[in-house]
Amino acid sequence: MGAPNGTKPAAAAGDDTASRVTVTPPAVAAGGPVPGPRKGSGGPAGRPRTTAGPRSRSGWTPWLYLLPALVVLGGLLVYPIYQLGLISFLEYTQAQVSGGAPTSFQGFGNYTALFSDPQFWQVLLATVLFAAACVVTTLAVGCALAVLLTRVRAVPRLTLMLAALGAWATPAVTGSTVWVFLFDPDFGPVNRVLGLGDFSWTYGRYSAFALVLLEVVWCSFPFVMVTVYAGIKAIPSEVLEAAALDGASQWRIWRSVTAPMLRPILVVVTIQSVIWDFKVFTQIYVMTGGGGIAGQNLVLNVYAYQKAFASSQYSLGSAIGVVMLLILLAVTLVHLRLMRRQGEEL
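What counts as what
- Residues numbered from 1 in each chain as written.
- Predicted model: local features only at pLDDT ≥ 70, side-chain atom pairs only at ≥ 80, totals over all residues.
- Heavy atoms only, no water.
- Phe/Tyr/Trp six-rings, centres within 6.5 Å; stacked < 30°, edge-to-face > 60°.
- Helix = DSSP H or I, 4+ residues; strand = E, 2+ residues; numbered from the N terminus.
- Buried < 20%, exposed > 50% of the residue type's maximum accessible area, 1.4 Å probe, protein only.
- Lys NZ or Arg CZ within 6 Å of the ring centre and 35° of its normal.
- Axes fitted to C-alpha atoms, helices over the stretch in contact; angles between N-to-C directions.
- Parallel < 35°, antiparallel > 145°, perpendicular 65-115°, else oblique.
- Contact = heavy atoms within 4.5 Å.
- Nonpolar A, V, L, I, M, F, W, Y, C, P; charged D, E, K, R; others polar.
- Polar contact = N/O pair within 3.5 Å; in protein donor to acceptor, adjacent residues only side chain to side chain.
- Left-handed = near helix turned anticlockwise from the far one by under 90°.

**Student:** What is the right way to read the packing of aromatic side chains from this model?
**Tutor:** To describe a pair of aromatic rings, one takes the distance between the centres and the angle between the planes. Taken as a whole, this structure holds 22 aromatic pairs when the rule is applied. Summarising the aromatic geometry, the rings of Phe-89 and Phe-108 are spaced 5.3 Å apart at their centres and angled 85° between planes, so their arrangement reads as edge-to-face. Of this pair, Phe-89 sits in the loop between α3 (53-88) and β1 (90-91) while Phe-108 sits in the loop between β2 (104-105) and α5 (109-115), and the two are 19 residues apart along the sequence. We classify Phe-89 as partly exposed; its relative accessible area is 24%. For Phe-108, a relative accessible area of 59% puts it in the exposed group. Arranged with centres 5.4 Å apart and planes meeting at 40°, the rings of Phe-130 and Phe-209 form a pair that is tilted. Highlighted residues: Phe-130 in helix α6 (residues 118-149) and Phe-209 in helix α10 (residues 205-234), separated in sequence by 79 residues. Overall, Phe-130 belongs to the buried group, its relative accessible area being 6%. On the basis of relative accessible area, Phe-209 is assigned to the buried category, the value being 11%. Here the aromatic residues Phe-89, Phe-105, Phe-108, Tyr-111, Phe-115, Phe-120 and Trp-121 are joined through ring pairs into a cluster of three or more. The ring of Tyr-206 carries the charged tip of Arg-205 above its face, separated from the ring centre by 6.0 Å.

**Student:** I would appreciate a short explanation of the packing of α6 against helix α7 (residues 154-169) in the present structure.
**Tutor:** Between two packed helices, both the angle of their axes relative to each other and the distance between the axes serve to describe the pair. At a closest axis distance of 10 Å, the pairing of α6 and α7 adopts a crossing angle of 150°. Put simply, α6 runs roughly antiparallel to α7. Residues Leu-145, Leu-148 and Leu-149 of α6 touch α7, and the partners they reach there are Arg-157, Leu-160 and Met-161. Class assignment of the residues belonging to the contact of α6 with α7 gives a composition of five nonpolar, no polar and one charged.

**Student:** What's the story with the side chain of Asn-110 in this structure? I'm lost.
**Tutor:** Mapped onto the elements of the fold, Asn-110 is located in helix α5. On the basis of relative accessible area, Asn-110 is assigned to the buried category, the value being 11%. At a separation of 2.9 Å, a polar atom in the side chain of Asn-110 contacts the main-chain carbonyl oxygen of Leu-90. Look past the residues within four positions of Asn-110 in its chain and what remains in contact with it is Ile-87, Ser-88, Phe-89, Leu-90, Ser-315, Leu-316 and Ala-319.

**Student:** What is the right way to read the packing of α10 against helix α13 (residues 263-278) from this model?
**Tutor:** Between α10 and α13, the least distance of the axes is 10 Å, while the angle of their chain directions is 165°. The pairing of α10 with α13 is recorded here as roughly antiparallel in orientation. In the packing of α10 onto α13, the handedness of the crossing is right-handed. Contacts between α10 and α13 pair Val-216, Ser-220, Phe-223, Val-224, Thr-227, Val-228 and Gly-231 from the former with Ile-265, Leu-266, Val-269, Gln-272, Ser-273, Trp-276 and Asp-277 from the latter.

**Student:** Please explain the environment of Asp-186 as it appears in this structure.
**Tutor:** Tracing the backbone through its elements, the reader meets Asp-186 in the loop between α8 (172-182) and α9 (189-194). Using a relative accessible area of 52% as the deciding quantity, one classes Asp-186 as exposed. Separated by 13 residues in sequence, Asp-186 and Phe-199 place their C-alpha atoms 8.6 Å apart.

Right under this line is the structure:
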């Protein structure tokens, strides 16, 4: 049917402006004033009022959740560290503990006596070298076994995981005692298997350090193995398959593909191993009888224990503890800096 009054529909006329529908406000159609923007709607007539109350309150919300943990950490860490630092600046021996002599302030006298002692520097060097050897060996064993876990079937993988976790869960005192028995010159099975006779592993300085290193690696590599294995499983298999198709060897795949992708994880396990191995105490004390013959196997933790409790020089032992704390704090700050840099790159 045709349109009324003989006019054509807009669609039939081909006028593209017909599709644009203009809605006229009723007030304008009636000749009234044009409505402007409402006050507070964000237009030029009125800007919305911003309140910083909810935002400021939301900034405190994470701290409210962390408050219980911070209270516990303050009681268990901050106060003991404060006491440790305070005692390191005092003259605090058995006479002061028993009340036979008053406690006097020494300033940096304990640190001066500590840094002027040649034995301290020898023990510090031995601690750094021993910790470095433990860290390198632990990372090598842990990474190698993590790669092995990706190559074996389910049953051997489960067996290796359970054995590693059993070693990890063994207390340090128990593990050290077992290792001393295994390498005992009279009853130990290791000397019999190797044909070493009555060779004493704890008599020589380097052999004793090597024995302790083996025990430390034995109880530390499961952490590296499990962590690196989880990181390897998170790598897309297409990347490793592409590298293998390009003719890369297994060592080249690890060095050029796997290791760079695992760099954040490797940084974490390295720093953790440094902190753990630098403050080794139980293994050295149990396996070498308190530091070896004439203190040849002393590390800083055992050295501080001997100064504080064997010699009753509690202030000097506290000074050694503060030095260790500062060294580990520096390592931790480096760890946080590296992790932040890794986070920015990722």
